[in-house]
Number of protein chains: 2
Amino acid sequence: MQWINKGNILITGLGLMGGSYAMALSRLGCHVAAIDTRREAIDFALEKGIIKEGSTEVEPALVSSADTVIFGLYPRTLPEWIKRWQHLFRPGAMITDVTGIKSSVVYEAQACLRKDVEFIAAHPMAGKEVSGVENSDDGIFRNANYIVTPTKANTRKAVEWCKDLGRILGCRKISVLSPEEHDEMIAFVSQLTHCIAVSLMTASENRHLADYTGNSFRDLTRIARINEDMWSELFIMNKKPLLDKMDRFLGEFREFRDALEAEDSEKMKEKMRLSTERRAWFDK
Amino acid sequence: MQWINKGNILITGLGLMGGSYAMALSRLGCHVAAIDTRREAIDFALEKGIIKEGSTEVEPALVSSADTVIFGLYPRTLPEWIKRWQHLFRPGAMITDVTGIKSSVVYEAQACLRKDVEFIAAHPMAGKEVSGVENSDDGIFRNANYIVTPTKANTRKAVEWCKDLGRILGCRKISVLSPEEHDEMIAFVSQLTHCIAVSLMTASENRHLADYTGNSFRDLTRIARINEDMWSELFIMNKKPLLDKMDRFLGEFREFRDALEAEDSEKMKEKMRLSTERRAWFDK
């Protein structure tokens, strides 16, 4: 692996994901530095040995000494950061990210980027219902899916480099999708599920639900504990695909509802047989 | 506990739940027999030591020697079984069940029941996405919720007896609700979640979803592997409360959808803050 002991890594945005990358890479022996506006985040990570150097300011020496820069910022902040600070990048630096949406981030960032550095975007399908470097955990990558989303601006070498990063983090399945394919996919498997979990939790004000639920309700609503700033940004920036998936789900759900109202047992069973068959693909 | 070594137990309907009861009670040293129409179910349970006696027919001696009868049958079958075979019950026998809906089963069963036996209904909030005694597992009760649903026809002694059964199975929280309260609750926390999971799975025919999902999608759709005969029966028999919960969820979901369409970030955040607060009650 070209990754191990290959120069300096800088994490910009040391939250849950940035912190988990830092933890994994430090454990592998890489030299990891971080920039985050939160003093407590930097202090915590230094104290725990998650990073070797850190700053709450964009320290020119930290940026220009980095061979690899990993963005753990909110989606809107990423292109802004690049526009403002890219003059500090070392020539030949490789840049990647963890952002949960791609089209509206990647093209903008690549369009304004210096030609002597390369930004190859990726999305590790891992996370937690809590935020902050204090909750970092490099175990979240274990057996996770990892999606690299190259554009025409990317070299084959960068794609391979980025896939290697996913592998050394411990991810199980490394895929390559276009930014648009990624956003369609993520609207369905991630964003829609979060919208459902939130709506399920807001649909009942019963304080005693926890005394009566089985695992199904607990599992369905685990992700209803949600970072509202980040997710509202992700939803709006992926509005078109997400609205499309929401409407498709609404249509299916309403069909099921109407079958129940009509006591159309055969129609309900047909849908359940289909869902059973499709869900089985996951358990292979 | 009055339960241990207290006479003979008969399980009628030796599926996943009946089998898990049998396994737990046999482990505790009880004498457990079972009746099930499936020859393989009885043979499997005998061979594995889950039961001591079994029959594929309603064997008069098995029924009349039982001090406790536990029904693991489908909801519609339970009252039918009682009407047809209750002449065989031993005077003073205690009867309970595992059925997932209550009003439409309990009142009918109690109304036709002999006066010298007592039926006290219960619902263990535990299960699996697979069926059959072959998948029995008495670990499913560990820390599960357990709901006893007495009516005016029940004695206080029977309620305590039934709560003790939940305790010795290993359940964590034992609650008492009326059949109607139970059905309202279950429509929301169990039936609605199954309808959502099914609709989510039927809303996409992408065969490669498993390569891109995070845990949220896997968790939300785990219960989309579903026994269509049992659940369509449960849904139709609890139609009114379930339609009400489905409509409430639909309303919330549509509000969230419309907030996204209007890019009303504040409205979305408000709902996410509420869901986060409510979901936190579960993690106490």
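Residues numbered from 1 in each chain as written. Chains lettered and ligands numbered in written order. Predicted model: local features only at pLDDT ≥ 70, side-chain atom pairs only at ≥ 80, totals over all residues.

Asks: Which residues make up the relation of the copies chain A and chain B, and what values do they have?
Replies: Superposing chain A onto chain B takes a rotation of 180 degrees plus a shift of 0.0 Å along the axis, which leaves an RMSD of 0.0 Å. Read as a symmetry element, the transformation amounts to a two-fold axis. Proximity to the rotation axis, assessed at the C-alpha, singles out L220 of chain A in chain A; its C-alpha lies 2.3 Å from the axis. Comparing interface residues between copies, 100% of those in chain A also lie at the interface in chain B; the contact surface is shared. (Least-squares fit on C-alpha atoms with pLDDT ≥ 70 in both. Contact = placed C-beta atoms within 7 Å.)

Asks: Which residues make up the confidence of the model for chain A, and what values do they have?
Replies: Mean pLDDT over chain A works out to 94, with 98% of the residues at or above the 70 mark. The ipTM, which scores confidence in the relative placement of chains, is 0.89 for this predicted complex, and the corresponding pTM is 0.89. (pLDDT = per-residue confidence, 0-100.)

Asks: Describe the interface of chain A and chain B, listing the residues and the values that go with them.
Replies: Of the residues lining the interface, 74 residues belong to chain A; the matching set on chain B comes to 74 residues. Elements that contribute at least two residues to the side of chain A that touches chain B include exactly β8 (145-148), β9 (173-176), α7 (179-202), α8 (215-221), α9 (228-237), α10 (239-261) and α11 (265-280) of chain A. Grouping the amino acids of the side of chain A that touches chain B by side-chain chemistry returns 38 nonpolar, 17 polar and 19 charged. (Helix = DSSP H or I, 4+ residues; strand = E, 2+ residues; numbered from the N terminus. Nonpolar A, V, L, I, M, F, W, Y, C, P; charged D, E, K, R; others polar.)

Asks: Give me the packing of α11 of chain A against helix α7 (residues 179-202) of chain B: which residues, what numbers.
Replies: Axis separation between α11 of chain A and α7 of chain B bottoms out at 8 Å; the angle between their running directions is 70 degrees. Relative to α7 of chain B, the element α11 of chain A is oriented roughly perpendicular. In the crossing of α11 of chain A with α7 of chain B, the sense of the turn from one axis to the other is left-handed. From α11 of chain A, K271, M272, L274, S275, R278 and R279 of chain A reach across to α7 of chain B, where they touch V198, M201 and T202 of chain B. Its residues assigned to classes, the contact of α11 of chain A with α7 of chain B comprises four nonpolar, two polar and three charged. (Axes fitted to C-alpha atoms, helices over the stretch in contact; angles between N-to-C directions. Parallel < 35°, antiparallel > 145°, perpendicular 65-115°, else oblique. Left-handed = near helix turned anticlockwise from the far one by under 90°.)

Asks: Outline unusual backbone geometry, listing residues and values.
Replies: A positive phi is found at N143 of chain A, a non-glycine position, where the angle reads about 65 degrees. Summarising the element assignment, N143 of chain A is placed in the loop between β7 (122-125) and β8. Backbone geometry at E263 of chain B places phi at a positive 50 degrees, although glycine is not the residue there. Locating E263 of chain B in the fold gives a position in the loop between α10 (239-261) and α11 (265-280).

Asks: Any chance you could break down α10 of chain A for me, citing the residues and the numbers?
Replies: The end-to-end C-alpha distance of α10 of chain A, which contains 23 residues, comes to 32 Å, matching closely the 33 Å that a straight helix rising 1.5 Å per residue would cover. Buried residues of α10 of chain A: P241, L242, K245, M246, F249, E252, F253, F256, A259 and L260 of chain A, and no others. Turning to α10 of chain A, the residues buried within the fold contact α7, α9 and α11 of chain A together with α7, α9 (228-237) and α10 of chain B. Positive backbone phi, approximately 50 degrees, marks E263 of chain A, located one or two places after α10 of chain A. (Expected span 1.5 Å × (residues − 1). Buried ≥ 20, exposed ≤ 12 C-beta atoms within 10 Å, placed from the backbone.)

Asks: Please give an account of the nonpolar core that cites residues and values.
Replies: One broad rule of soluble globular proteins: the nonpolar side chains tend to lie buried together. In terms of nonpolar packing, the biggest core is built from 180 residues, with A22 and A34 of chain A together with A22 and A34 of chain B touching the most fellow members. Once residues lying within four places of it in the same chain are set aside, the contact partners of A34 of chain A are L10, I11, L14, G18, A22, I42, A45, I51 and G54 of chain A. (Core = buried A, V, L, I, M, F, W, Y, C linked by C-beta atoms within 7 Å.)

Asks: Go over helix α2 (residues 39-47) of chain B, please, and point to the residues and values.
Replies: All names here are of chain B. Within the sequence span of α2, burial applies to A41, I42, F44 and A45. Relative to the axis of α2, the buried residues are bounded by an arc of 165 degrees and lie together on one face. Opposite its buried face, α2 presents the exposed residues R39, E40 and E47, each directed more than 90 degrees away. Packed against the buried residues of α2 are α1 (16-27), β2 (31-35) and β3 (53-55). Phi turns positive, to about 75 degrees, at G49, one or two residues after α2. (Arc of directions from axis to C-beta.)

Asks: Give a detailed account of the domain arrangement of chain A, specifying residues and quantitative values.
Replies: Residue and element names in this part refer to chain A. Along its sequence, chain A is carved into domain 1 (8-177) and domain 2 (182-283). Using C-alpha coordinates to define each centre, domain 1 is positioned 30 Å away from domain 2. With 14 residues of domain 1 at the interface, the matching set in domain 2 holds 14 residues. Partitioned by chemical class, the residues of the side of domain 1 that touches domain 2 number five nonpolar, six polar and three charged. (Domains from an automatic or database assignment.)

Asks: Could you give an account of the pairing of strand β4 (residues 68-71) of chain B, naming the residues involved and the relevant values?
Replies: Residues and elements named next belong to chain B. Residues of β4 alternate between two faces, with T68 and I70 on one and V69 and F71 on the opposite face, all of them buried. Pairing of strand β1 (residues 8-12) with β4, which is carried by four bridges, proceeds in the parallel orientation. Within β4, the residue paired with I9 across the bridge is T68. The pairing of β4 with strand β5 (residues 94-97) spans four bridges and is parallel. Looking at the pairing, T68 lines up with M94 of β5. What joins β4 to β5 is helix α4 (residues 77-85), and the crossover it makes is right-handed. (Pairing = 2+ DSSP bridges. Right-handed = clockwise from strand over helix to strand, strands pointing away.)

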